[in-house]
Amino acid sequence: MSEDPMVAALLRERAGYVQRGLKDRVAAVDAELERHGHKPPAEMPAAQARTEAPRGRRARRTETA
């Protein structure tokens, strides 16, 4: 996993497109990854394509009366 947040976000986006079979969108994300100096990953099964969401976010508490 990359430490660059933009590359990490692009990899998550790419994984979603791979899972849904959107090859044209995968190619567009690959081009952006290359622009950011990151080699696009080799094709992987959709089950392995998922990456984790960023950590450190907390859910809002629901208000109770």
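Residues numbered from 1 in each chain as written. Predicted model: local features only at pLDDT ≥ 70, side-chain atom pairs only at ≥ 80, totals over all residues. Heavy atoms only, no water.

### As for helix α1 (residues 5-20)
Point 1. Given a rise of 1.5 Å per residue, 16 residues ought to cover 22 Å, and the 23 Å separating the end C-alpha atoms of α1 matches this to within 8%.
Point 2. Those residues of α1 that sit buried are V7, A8, L10, L11, R14, A15, G16, Y17 and V18.
Point 3. Check the buried side of α1 and you find it contacts α2 (23-35).
Point 4. Taken from the residues just after α1, G21 is the one with a positive phi, measuring 75 degrees. (Helix = DSSP H or I, 4+ residues; strand = E, 2+ residues; numbered from the N terminus. Expected span 1.5 Å × (residues − 1). Buried < 20%, exposed > 50% of the residue type's maximum accessible area, 1.4 Å probe, protein only. Contact = heavy atoms within 4.5 Å.)

### Some points on the nonpolar core
Point 1. V7, L10, L11, Y17, V18, V26, V29 and L33 together form the largest nonpolar core, which totals eight residues.
Point 2. Of all the secondary-structure elements, those providing two or more residues to this core are α1 and α2.
Point 3. Among the elements that make up this core, the one with the highest residue count is α1 (five residues).
Point 4. Excluding residues within four positions of it along the chain, V29 makes contact with L10, E13, R14 and Y17. (Core = buried A, V, L, I, M, F, W, Y, C linked by side-chain atoms within 4.5 Å.)

As far as function goes, none of this settles anything; it's purely spatial.
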